[in-house]
Amino acid sequence: MRPEPVVFTNRAGRRLVGMLHVPESAQVHPVAVILLQPGAKHRVGPHRMYVKLARRLASRGHRVLRFDFEGSGDSEGEVAETAVADFHSAVQLGRYASDVHAAMDWMAAASGTGSFILGGLCGGAITALLAGADDPRVRGLVGIGLPVLLDGSGVDASRFLTRGELAQWREGYVAKLTDWRSWLRLLTFRSNLRVILRVLAAPMRGRSARAAPASVDGAPPEAPAANFNPRVPAAFEAMVTTRPMLLLFGGSDRLYSIYQERFAEVYGSRWTSHADRLHVHVVPGANHIFSLPEWEAEMGAQVDAWLDRHFPPGRIGPTSHASPIHADLRTANLTVTPS
Amino acid sequence: MTETPHYFSGGEHELFGVLHMPSPQPRGPAHVLCAPFGEERLWSHRVLVNFARELASRGHAVLRFDYGGTGDSEGDSRDVSVASCIADIAGAVARVRDAAGGGDVVLTGVRFGATLAALAAPGLPSVGALVLWEPLLKGGDYMRELLRTHLAMQMALYREVRQDRDALAKALREGAVLAVDGYEITPELYEQMSAIDLSVAPVAPSRCLAVRIGREAPPVSPRDLVAYAARYAEGSAIAITGEPFWREGPVLCHRSAALYAATLDWLAGELHAA
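Bear in mind that the values here come from a model prediction, so they are computed numbers and not experimental data.

Considering the overall build of chain B
So, point 1. Looking only at helices and strands, chain B has eight helices and 10 strands in total.
So, point 2. Its C-alpha atoms give chain B a radius of gyration of 18 Å, within 12% of the compact-globule value 19 Å for 274 residues.
So, point 3. Taking the principal axes of its C-alpha atoms as reference, chain B extends roughly 60 × 45 × 35 Å.
So, point 4. Of all intrachain contacts in chain B linking residues separated by at least 6 positions in sequence, the fraction that spans at least 24 positions is 70%.

Describing the packing of helix 4 (residues 139-158) of chain B against helix 6 (residues 187-194) of chain B
A pair of packed helices can be characterised by two numbers: the angle between their axes and the separation between those axes.
Residues and elements named next belong to chain B.
So, point 1. Orientation of helix 4 relative to helix 6, taken along the N-to-C sense of each, is 135 degrees, at an axis distance of 7 Å. In terms of their interaxial angle, helix 4 and helix 6 are classed as oblique. In this structure, helix 4 uses Gly-139, Gly-140, Tyr-142, Met-143 and Leu-146 to contact helix 6, whose residues at the interface are Tyr-190, Met-193 and Ser-194.
So, point 2. In terms of residue class, the contact of helix 4 with helix 6 is made up of five nonpolar, three polar and no charged.

Looking at the interface of chain B and chain A
So, point 1. In this assembly, 42 residues from chain B lie in contact with 48 residues from chain A.
So, point 2. Surface buried jointly by chain B and chain A totals about 3500 Å² across both partners, of which 53% is contributed by carbon and sulfur atoms.
So, point 3. In this structure, the connection of chain B to chain A is made through eight salt bridges.
So, point 4. Arg66(A) is paired through a salt bridge with Asp72(B); the nearest N and O atoms lie 2.5 Å apart.
So, point 5. At the boundary of chain B and chain A, one finds 25 residue pairs in polar contact (both at pLDDT 80 or more).
So, point 6. Ranked by residue count, the leading element in the side of chain B that touches chain A is helix 1 (residues 39-57) of chain B, at nine residues.
So, point 7. Here the residues of the side of chain B that touches chain A are counted per class, giving 15 nonpolar, 14 polar and 13 charged.

Let's talk about the environment of Arg78(B)
Residues and elements named next belong to chain B.
So, point 1. Within the secondary structure, Arg-78 is located in the loop between strand 4 (62-65) and helix 2 (82-100).
So, point 2. Residues Arg-78 and Glu-216 lie 138 residues apart in sequence; the distance between their C-alpha atoms is 37 Å.
So, point 3. Not counting residues within four places of it along the chain, the set of residues in contact with Arg-78 comprises Val-177, Glu-184 and Thr-186.
So, point 4. Among the polar contacts listed, one links the side chain of Arg-78 to the side chain of Glu-184, at a separation of 3.0 Å.

Focus: the environment of Val180(B)
Residues and elements named next belong to chain B.
So, point 1. Within the secondary structure, Val-180 sits in strand 7 (residues 178-180).
So, point 2. Since its relative accessible area comes to 5%, Val-180 is described here as buried.
So, point 3. The contact partners of Val-180, leaving out residues within four places of it in the chain, are Leu-146, Thr-149, His-150 and Ile-185.

Digging into the sheet that holds strand 8 (residues 278-283) of chain A
All names here are of chain A.
So, point 1. Spatially, eight strands are ordered 1-2-4-3-5-6-7-8 in an open sheet, and the strand pairing comes out mixed. One side of each edge strand has no neighbouring strand; the edge strands of this open sheet are strand 1 (4-9) and strand 8. Direction aside, neighbouring strands of the sheet carry axes that sit 20 degrees apart on average.
So, point 2. Inspection of the sheet shows strand 3 (residues 31-36) paired to strand 4 (residues 64-67) by four bridges, in the parallel sense. Residue Leu-35 lies in a different strand from strand 4, and its bridge partner there is Arg-66.
So, point 3. Contacting strand 6 (138-144), strand 7 (245-250) and strand 8, helix 8 (residues 232-240) crosses the sheet at an angle of about 125 degrees to strand 7.

Here we look at the confidence of the model for chain B
So, point 1. When pLDDT is averaged along chain B, the result is 94; 98% of the residues meet or exceed 70.
So, point 2. Scored as a complex, the prediction yields pTM 0.87 and ipTM 0.94.

Some thoughts on the nonpolar core
So, point 1. Val32(B), Phe65(B), Ile89(B), Leu107(B), Phe112(B), Leu130(B) and Ile185(B) are the most contacted members of the largest nonpolar core, which totals 58 residues.
So, point 2. With residues up to four places along the chain from it excluded, the contact list for Ile185(B) reads Phe37(B), Met143(B), Leu146(B), Leu172(B), Ala176(B), Val177(B), Leu178(B), Val180(B) and Tyr190(B).
So, point 3. Core analysis: the next-biggest nonpolar cluster, separate from the first, contains 54 residues, Leu16(A), Val84(A), Phe87(A) and Ala235(A) among them.

What about empty space enclosed by the protein?
So, point 1. Applying the stated criterion across every chain, the model contains four cavities of 30 Å³ or more.
So, point 2. Taken as a whole, the largest cavity spans an internal volume of roughly 200 Å³.
So, point 3. As for the largest cavity, its lining consists of 19 residues, of which Ala40(A), Trp43(B), Leu252(B), Cys253(B) and His254(B) are closest to the centre.
So, point 4. Residue assignment for the lining of the largest cavity shows that the elements contributing at least two residues are helix 2 (84-92) of chain A together with helix 1 of chain B.
So, point 5. Split into classes, the residues belonging to the lining of the largest cavity amount to nine nonpolar, seven polar and three charged.

Examining the side chain of Arg262(A)
Residues and elements named next belong to chain A.
So, point 1. Position of Arg-262 among the secondary structure elements: in helix 9 (residues 254-267).
So, point 2. Residue Arg-262 is classed as buried on the basis of its relative accessible area, which comes to 9%.
So, point 3. Polar side-chain contacts of Arg-262 include one of 3.4 Å to the side chain of Asn-227.

What to know about the pairing of strand 6 (residues 127-133) of chain B
Residues and elements named next belong to chain B.
So, point 1. Within strand 6, six of the seven residues are buried, leaving the element largely enclosed by the surrounding structure.
So, point 2. The pairing of strand 5 (residues 105-110) with strand 6 spans six bridges and is classified as parallel. Residue pairing for strand 6: Gly-109 is matched across the bridge by Leu-132.
So, point 3. What joins strand 5 to strand 6 is helix 3 (residues 112-120), and the crossover it makes is right-handed.
So, point 4. Where strand 6 and strand 9 (residues 207-214) come together, five bridges link them in parallel fashion. Note that in strand 9 the partner of Leu-132 across the bridge is Ala-210.

Some remarks on the environment of Ala97(A)
Residues and elements named next belong to chain A.
So, point 1. Considering the arrangement of structural elements, one finds Ala-97 in helix 3 (residues 97-111).
So, point 2. Among the residues examined, Ala-97 registers a relative accessible area of 11% and is labelled buried.
So, point 3. Distance in space between the C-alpha atoms of Ala-97 and Leu-246 is 19 Å, their sequence separation being 149 residues.
So, point 4. Those residues in contact with Ala-97 that sit more than four places away from it in its chain are Thr-127 and Ala-131.

A closer look at the packing of aromatic side chains
So, point 1. With the rule as written, the count across this model stands at 26 aromatic pairs over all chains.
So, point 2. Ring centres 4.7 Å apart and planes at 35 degrees place the aromatic pair Phe236(A) and Trp271(A) in the tilted group. Highlighted residues: Phe236(A) in helix 8 and Trp271(A) in the loop between helix 9 and strand 8, separated in sequence by 35 residues.
So, point 3. Its guanidinium or amino end placed over the ring of Trp266(B), Arg207(B) lies 4.2 Å from that ring's centre, counting from NZ or CZ.

Rules and cut-offs
Residues numbered from 1 in each chain as written. Chains lettered and ligands numbered in written order. Predicted model: local features only at pLDDT ≥ 70, side-chain atom pairs only at ≥ 80, totals over all residues. Heavy atoms only, no water. Helix = DSSP H or I, 4+ residues; strand = E, 2+ residues; numbered from the N terminus. Rg over C-alpha atoms; globule rule 2.2 N^0.38 Å. Contact = heavy atoms within 4.5 Å. Axes fitted to C-alpha atoms, helices over the stretch in contact; angles between N-to-C directions. Parallel < 35°, antiparallel > 145°, perpendicular 65-115°, else oblique. Nonpolar A, V, L, I, M, F, W, Y, C, P; charged D, E, K, R; others polar. Buried area = accessible area lost by both parts, 1.4 Å probe. Salt bridge = Lys/Arg side-chain N within 4 Å of Asp/Glu carboxyl O. Polar contact = N/O pair within 3.5 Å; in protein donor to acceptor, adjacent residues only side chain to side chain. Buried < 20%, exposed > 50% of the residue type's maximum accessible area, 1.4 Å probe, protein only. Pairing = 2+ DSSP bridges. pLDDT = per-residue confidence, 0-100. Core = buried A, V, L, I, M, F, W, Y, C linked by side-chain atoms within 4.5 Å. 1 Å grid on protein atoms, 1.4 Å probe; cavity = no way out; pocket = protein on both sides within 12 Å on 5 of 7 lines; lining within 4 Å. Points joined across faces, edges and corners; volume = space filled by probe spheres on them. Right-handed = clockwise from strand over helix to strand, strands pointing away. Phe/Tyr/Trp six-rings, centres within 6.5 Å; stacked < 30°, edge-to-face > 60°. Lys NZ or Arg CZ within 6 Å of the ring centre and 35° of its normal.

In structure tokens form, the structure reads like this:
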């Protein structure tokens, strides 16, 4: 069954365009899923990841909404940033949390849905975390490639490489020593010298891999400077202490080592008593967008297993019959206000 | 103006599209925008959205759409072929003409979308003009570009190339399906794409604008596009300075102002390229 185009209004009055997948079965799971666009890409996701994932979730009985944030995809509005990194930072700091709340408001009005799982890749994952942390309607989170740092242009990336990144980048640089194009790039100042020097110098300094120590009074250790996302710790704690979370990473994705070393090793002691709610799964070798079919299949299987455990289909009861999407709330026409 | 996301009939699938309709009534030719292939479609999306809005603000009906098996259209990626995309363009032309009350249609395509538009146009008598942004003149060159992406993935994954381009091409010819950036290249798509050569393909209609977009300033004359445009009775080829918005890069591209201006000037008969 194909999804239905929908249009709803965010809290700034902008019309947002989305696709709503409604299960064919009359027995609809009471918890709907909202998939949040990854960064600068829109509701379809890389290689239609969100289309395929939504079809999978709908086959399990969930209503699924995928939509474009303000200023993206087919939605109204504009974004002010001209640099992709600055746009990513704005997303990572929660620019679109309000659009997510509006999406939940709309689904509640349109179908009576009051419970949600928020999910997404990269920028969608961090948006899900920030939007869902303090919203009791959010019952769970699926974060794929969750970023815990800020991408913005003012950050010197060379200062913040993790052990995992150093290892990956070192392998890459050594492999390039015999590649004339790499030397050309270096000699024409197109290489990131700071990163190269730091990567190559790291083993000589005997770089330690210790995590930052906890402070004496048990408060969280001071976060690393500059590019760590200051919003992540509190949001993560609010979510993981009350709701189940599934975090999926590609084994080749640098964001995994960043998550582990810059976040989990530093803050993880704060929720050890809630460990049963957090499931982190790494798909070996997978890249950030899970571009091989076998990687995507494993990602899907992990989502299925997590849903089976925390939101099983068997919980669909006689009170969970599908509510029709009220026609007057579909509003499939989008009226653009000429600028 | 209204923008209506909806489904309409394509070649073999129901296609998702957004119809931009001006108020009170459309005037002048209607437009169909033909998106590029794969991830280029995602990167260039907003540039096409804003071009459609620009056209609609000038009174034109505009349809943007997803080919079957891509975006939000029905079908799977294995359903995509050159033939299916050309049939879908025909469906899009019929849809926008229906909305606009008939009349001529301008096909605008980006990258492989431009190539597809050029291939579809001779079979569509209502297409009065073609606008080709960065057309890929030889499908074989584009396929080599896609295979190079696969090599880069192998390097990232295995630290070596385990199947070079020739091996990948052989595998495709023998029936394998290849994932490039997650998009499935079937043997049919490989064969049809590799066979494309716009320098010998039929050309129609008479008006065609081919545009090369590059960061060089001033822009470098696109000799290959000049030769291609010369095949049309009223063909023009230009180069403009702008970001390659169909690729991932550091600049967030939601518009391409110089590209829009040059295209609109040409459509209005105000731009005459050498």
